[in-house]
Amino acid sequence: MKVLVTGGTGYIGSHTIVELLDNNYDVVCIDNFINSKPEVLDKIKEITGKEITFYEGDVCDKQILRQIFTDNNIDAVIHFAGLKAVGESVRVPLKYYRNNIDSTLSLLEVMGEYNCKKLVFSSSATVYGKPKSLPIKEDFPLSTTNPYGATKLMIENILRDIYVSDKDWSIAVLRYFNPIGAHSSGLIGENPNDIPNNLMPYIIKVATGEYQKLNIFGNDYDTVDGTGVRDYIHVVDLALGHLKALEKIDKDNGIDFYNLGTGHGFSVLELVNTFSKVNKVDVPYEICDRRPGDIDACYADPSYAKEKLNWQAEKNIEDMCRDSYNFVNRK
Ligand code: NAD
Ligand code: UD1
């Protein structure tokens, strides 16, 4: 099976390409490096010993997409390409709407032209807004609080409409919880250029001494120790979920939505303490005000993905902390 991976040099895309290659898929990738680096391609080759076909370009650009589909017999697409920084999306919403929506529309149009109608899409637990209860199931009400989340929800709706209009489509929408960790080789991982917004990249900067301390955003939440609780999932488990989703869309037409999480919530303090213990490194922190828009707790009910995709996360929080740190230490 030949798979086009958009945004494949990014964090989740690169790990997914490694798993695809290890499982003998042919991979074609497009990325414009807006949030990743070309060296990732060398690392993928170093890990797998295999080549991929790579196009540098923008997924909004239908010409290059047509070129890709003309040059390659693409059977299915995994669409990772998108901008993902919540805070930036509030400051420059049009950049997010333009990039995330436009790229998806171009991709869907060109897929239709070439009669390629199998798609796996990267959505996010952010589409659940403030969940009415926990754990979160796929049929919970959907809402968003920022432009980034709004693009994910809009795209989910576009994909529903596409399937209503044409039952030949086969679409898996994967709602990721909080991906952390890195490939066990330490060659690929999360490598943000800017000041990180998310917890694990920030912990790493503190552990390596680049930043003095972690700011913990609030300890008065309704959780085990007052700090925010999230469902952290190892990026390699997440990557493997994409292979299961591909198998599913290859078999059955339709559109379906899956939570990819572990089902377990960890607080900020639990994650910090585990990271320190596993890696034998200090992570100094200070309790600060809450971050606007944050919720107390968020974790998945992943049973639907287990039932329908035969997928479940295997790695634990210690694996995630060890592999995250191993990636920065090897570089
Ligand atoms: P990432 O930024 O590391 O990877 C995205 C890749 O897409 C980057 O390599 C970037 O250069 C590329 N890209 C962006 N816009 C492009 C365009 N128009 N044309 C070509 N390439 C483009 O992000 P990630 O963490 O790997 O996330 C992948 C997807 O998963 C994104 O859609 C993101 O919104 C979604 N997601 C991520 C998380 C998370 O916490 N990492 C959680 C939920 C959902
Ligand atoms: C954030 C986004 C969400 C996105 C997800 C994955 C917000 C409001 N939400 O979710 O839309 O889908 O990332 O990209 O930005 N924390 C600290 N100190 C820090 C950073 C985080 O205490 O420096 C805390 C947060 O308050 C939270 C937890 O750590 O309780 C996890 O934060 P983060 O990694 O940013 O993920 P989310 O808030 O779940």
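Structural data are supplied above this passage.
Computed from a predicted model, the values in this text were never measured in an experiment. (Residues numbered from 1 in each chain as written. Chains lettered and ligands numbered in written order. Predicted model: local features only at pLDDT ≥ 70, side-chain atom pairs only at ≥ 80, totals over all residues. Heavy atoms only, no water.)

## Side note on the overall build of the protein chain
- For the protein chain, the helix and strand inventory stands at 11 helices and 14 strands.
- By the compact-globule yardstick of 20 Å for 331 residues, the protein chain fits well, its C-alpha radius of gyration being 19 Å.
- A separation of at least 24 residues holds for 80% of the contacts in the protein chain among residues at least 6 apart in sequence.
- Accessible area for the protein chain stands at about 14,700 Å²; split by element, carbon and sulfur atoms hold 46% of it.
- Positive and negative side-chain charges in the protein chain, numbering 36 and 47 respectively, have mean positions lying 1 Å apart. (Helix = DSSP H or I, 4+ residues; strand = E, 2+ residues; numbered from the N terminus. Rg over C-alpha atoms; globule rule 2.2 N^0.38 Å. Contact = heavy atoms within 4.5 Å. Areas by Shrake-Rupley, 256 points an atom, 1.4 Å probe, with all protein chains shown as cover. Lys, Arg positive; Asp, Glu negative; His and termini not counted. Charge placed at Lys NZ, Arg CZ, Asp CG, Glu CD.)

## Brief notes about the site of ligand 2
- Close to ligand 2 lie 19 residues, the nearest being Leu199, Asn215, Arg230, Arg291 and Asp294.
- Within the backbone of Phe217, one N or O atom sits 2.9 Å away from an oxygen atom of ligand 2.
- Within the side chain of Arg230, an N or O atom sits 2.6 Å from an oxygen atom of ligand 2.
- Calculation on ligand 2 without its partners gives an accessible area of 740 Å², and the protein chains cover 87% of this total.
- Broken down by secondary-structure element, the contributors of at least two residues to the shell around ligand 2 are α7 (199–207) and β8 (214–217).
- With 4 residues, β8 is the single largest residue contributor to the shell around ligand 2. (Near = heavy atom within 4 Å. Polar contact = N/O pair within 3.5 Å; in protein donor to acceptor, adjacent residues only side chain to side chain.)

## Re the pattern of salt bridges
- Following the criterion strictly, the structure yields 18 salt bridges and no others.
- Between Lys213 and Glu286 there is a salt bridge whose closest N-O contact spans 3.4 Å. Here the residue Lys213 occupies a position in the loop between α7 and β8, and Glu286 occupies one in strand β13 (residues 285–288), the gap between them amounting to 73 residues.
- Judged by relative accessible area, which is 38%, Glu286 ranks as partly exposed.
- With a closest N to O distance of 3.6 Å, Asp323 and Arg322 form a salt bridge.
- For Arg322, a relative accessible area of 38% puts it in the partly exposed group.
- Through salt bridges with shared partners, a single network forms among Glu156, Arg160 and Arg175. (Salt bridge = Lys/Arg side-chain N within 4 Å of Asp/Glu carboxyl O. Buried < 20%, exposed > 50% of the residue type's maximum accessible area, 1.4 Å probe, protein only.)

## Some words on the sheet that holds strand β14 (residues 297–298)
- Pairing is mixed across the open sheet formed by 3 strands, whose spatial order is β12-β9-β14. Here the strands that pair on one side only, and so sit at the sheet edges, are β12 (266–267) and β14. (Pairing = 2+ DSSP bridges.)

## A few points about the environment of Pro292
- Along the chain, Pro292 turns up in the loop between β13 and β14.
- The exposure class assigned to Pro292 is exposed, which follows from its relative accessible area of 78%.
- Placed 75 residues apart in sequence, Pro292 and Phe217 show a C-alpha to C-alpha distance of 9.3 Å.

## Quick word on the site of ligand 1
- Around ligand 1 there are 26 residues in total, and Ile12, Asp31, Asn35, Ser36 and Lys84 lie nearest to it.
- In the environment of ligand 1, a nitrogen atom lies 3.1 Å from a nitrogen or oxygen atom belonging to the side chain of Asn32.
- Lys152 is positioned such that a nitrogen or oxygen atom in its side chain is 2.8 Å from an oxygen atom of ligand 1.
- Starting from 810 Å² of accessible surface for ligand 1 in isolation, the protein chains cover 96%.
- Every element with two or more residues in the shell around ligand 1 is listed here: α1 (11–22), β5 (118–124) and α6 (147–165).
- With 3 residues, the top contributor of residues to the shell around ligand 1 is β5.
- Classifying every residue of the shell around ligand 1 gives 10 nonpolar, 12 polar and 4 charged. (Nonpolar A, V, L, I, M, F, W, Y, C, P; charged D, E, K, R; others polar.)

## Side note on the packing of α1 against helix α8 (residues 235–251)
- Direction vectors running N to C along α1 and α8 enclose 60 degrees, while the axes themselves pass 8 Å from each other. With respect to α8, the axis of α1 lies oblique. Here α1 and α8 pass one another in a crossing that is right-handed. Contact residues: α1 offers Tyr11, Ile12, His15, Thr16, Glu19 and Leu20, while α8 offers Val235, Val236, Leu238, Ala239, Leu240, His242, Leu243 and Leu246. (Axes fitted to C-alpha atoms, helices over the stretch in contact; angles between N-to-C directions. Parallel < 35°, antiparallel > 145°, perpendicular 65-115°, else oblique. Left-handed = near helix turned anticlockwise from the far one by under 90°.)

## Thoughts on the pairing of strand β3 (residues 53–56)
- Taken together, the 4 bridges between strand β2 (residues 26–31) and β3 define a ladder with parallel strand orientation. Bridged to Asp31 within β3 is Glu56.
- What joins β2 to β3 is helix α2 (residues 39–48), and the crossover it makes is right-handed. (Right-handed = clockwise from strand over helix to strand, strands pointing away.)

## Details of the environment of Asn215
- Tracing the backbone through its elements, the reader meets Asn215 in strand β8.
- With 71 residues separating them in the primary sequence, Asn215 and Glu286 have C-alpha atoms 5.2 Å apart.
- In contact with Asn215, other than residues within four places in its own chain, are Tyr202, Glu286 and Cys288.
- Polar side-chain contacts of Asn215 include one of 3.3 Å to the side chain of Lys213.

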